[in-house]
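The lines below spell out each chain.
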Amino acid sequence: MKKELEALLALQAQDKRLRTLQDQLQRLFEQRQQLQATLDAEEQILAEERRRLAELQRLSWEKTAEVDDLDVQIRKYEHQLEEGLLSFKEMEALREKVQHSRQRMEQLEEEAIPLLERVEQERAKMAEREAAFAQWKSRMAEEVAEVNQQSEEQRRKIEEEQAKRRELAQHVDAALLERYERLRAEYEDPLVAVRDGRCNGCKLNLSETTIERVREGLDLVTCENCLRILY
């Protein structure tokens, strides 16, 4: 019975090593997710900044284009006035259009100049932002690559330890292994020590009979409360 208990304890120790490795792999996976989430968030912020700059450029282009259109229209009106082929009333109406167009053009120029200056400033800021983001993204990519490499190494370790577990399981009686697996589905520690008259799993007192049976070591003894295997 001692050999069976030793085989089970070896299997439980191996399962503990596997849990540790799997927990470490899970933490690496979560770290990878966090890095990706941070990268995605920063890219969204940068995309929004690009969108705002594009909108600012569009407004600047529209005002500049309207100024150019008005300038062309004014020249056309002035040419018609110079030709003098219009009636007095038509010429007066055309002069009013010229005056109105000039006023509108001056207003647009007053709006367009500071807007154009702002566009240039924002372009310079965006260029700096893009450069800084590219450097940061490169560092992030290195971190992600390192995490991926660590994850692959961790998976290889898990595969190696799983192979060792299969080998250890072969040294356990089939019925006993099945019993162990049922307990492992409920507890991380299917086998626990008896300490101070208590099961070290559920921490409840054991009967004197159970304690004596564990001490004798003639058979596998189960906790009366949690059903773990005692040693």
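Since we're looking at a predicted model, the values are computed, not measured. (Residues numbered from 1 in each chain as written. Predicted model: local features only at pLDDT ≥ 70, side-chain atom pairs only at ≥ 80, totals over all residues. Heavy atoms only, no water.)

Novice: In this structure, what is going on with the overall build of the chain? I would like to understand it.
Specialist: If you tally the helices and strands in the chain, you get four helices and five strands. Ordered by position from N to C terminus, the α and β elements of the chain give α-α-α-β-β-β-α-β-β. Over its C-alpha atoms the chain spans a radius of gyration of 41 Å, topping by over 25% the 17 Å that the globule rule assigns to 231 residues. Its C-alpha atoms put the chain at 130 × 35 × 30 Å along the principal axes. Going through the 231 residues of the chain one by one, you find that 28% of them count as buried. A separation of at least 24 residues holds for 72% of the contacts in the chain among residues at least 6 apart in sequence. Carbon and sulfur atoms make up 49% of the accessible area of the chain, which amounts to about 15,800 Å² in all. Computed over 40 positive and 52 negative side-chain charges, the inter-centroid distance for the chain is 6 Å. (Helix = DSSP H or I, 4+ residues; strand = E, 2+ residues; numbered from the N terminus. Rg over C-alpha atoms; globule rule 2.2 N^0.38 Å. Buried < 20%, exposed > 50% of the residue type's maximum accessible area, 1.4 Å probe, protein only. Contact = heavy atoms within 4.5 Å. Areas by Shrake-Rupley, 256 points an atom, 1.4 Å probe, with all protein chains shown as cover. Lys, Arg positive; Asp, Glu negative; His and termini not counted. Charge placed at Lys NZ, Arg CZ, Asp CG, Glu CD.)

Novice: Could you clarify how one ought to interpret the packing of helix 1 (residues 2-83) against helix 3 (residues 174-184) in this entry?
Specialist: To describe two helices that pack against each other, one gives the angle between their axes and the distance between the axes. Put simply, helix 1 and helix 3 touch, their axes get as near as 12 Å, and they point 40° apart. Between helix 1 and helix 3, the crossing angle belongs to the class labelled oblique. Relative to helix 3, the crossing made by helix 1 is right-handed. Contact residues: helix 1 offers Glu 4, Leu 8, Leu 11, Gln 12 and Asp 15, while helix 3 offers Leu 176, Leu 177, Tyr 180 and Arg 184. Here the contact of helix 1 with helix 3 is composed, by residue class, of five nonpolar, one polar and three charged. (Axes fitted to C-alpha atoms, helices over the stretch in contact; angles between N-to-C directions. Parallel < 35°, antiparallel > 145°, perpendicular 65-115°, else oblique. Left-handed = near helix turned anticlockwise from the far one by under 90°. Nonpolar A, V, L, I, M, F, W, Y, C, P; charged D, E, K, R; others polar.)

Novice: I keep staring at the sheet that holds strand 5 (residues 229-230) and nothing clicks. Help me out?
Specialist: Strand pairing in a sheet is mediated by backbone hydrogen bonds. Such pairs are either parallel or antiparallel. Spatially, the three strands line up as an open sheet ordered 1-5-4, and their pairing is mixed. Strand pairing shows two members of the sheet lacking a second neighbour, strand 1 (191-192) and strand 4 (221-222), which therefore form its edges. Direction of pairing for strand 1 relative to strand 5: parallel, over a ladder of two bridges. Within strand 5, the residue paired with Leu 191 across the bridge is Ile 229. (Pairing = 2+ DSSP bridges.)

Novice: Help me understand the state of the cysteines in this model?
Specialist: Here is the idea: a disulfide is a covalent bond, and it sits between the sulfur atoms of two cysteines. Counting across every chain of the model gives zero disulfides. Not engaged in a disulfide, the cysteine Cys 199 finds its nearest cysteine sulfur in Cys 226; these two sulfurs lie 3.7 Å apart. (Disulfide = S-S within 2.5 Å.)

Novice: Would you mind going over the pattern of salt bridges with me for this structure?
Specialist: Under the definition given, this model contains 27 salt bridges. With a shortest N-O distance of 3.3 Å, Arg 104 and Glu 66 are connected by a salt bridge. Pair noted here: Arg 104 is in helix 2 (residues 88-169) and Glu 66 is in helix 1, with a separation of 38 residues, a long-range link. As a salt-bridge pair, Asp 219 and Arg 213 come within 2.9 Å of each other at their nearest N and O atoms. (Salt bridge = Lys/Arg side-chain N within 4 Å of Asp/Glu carboxyl O.)

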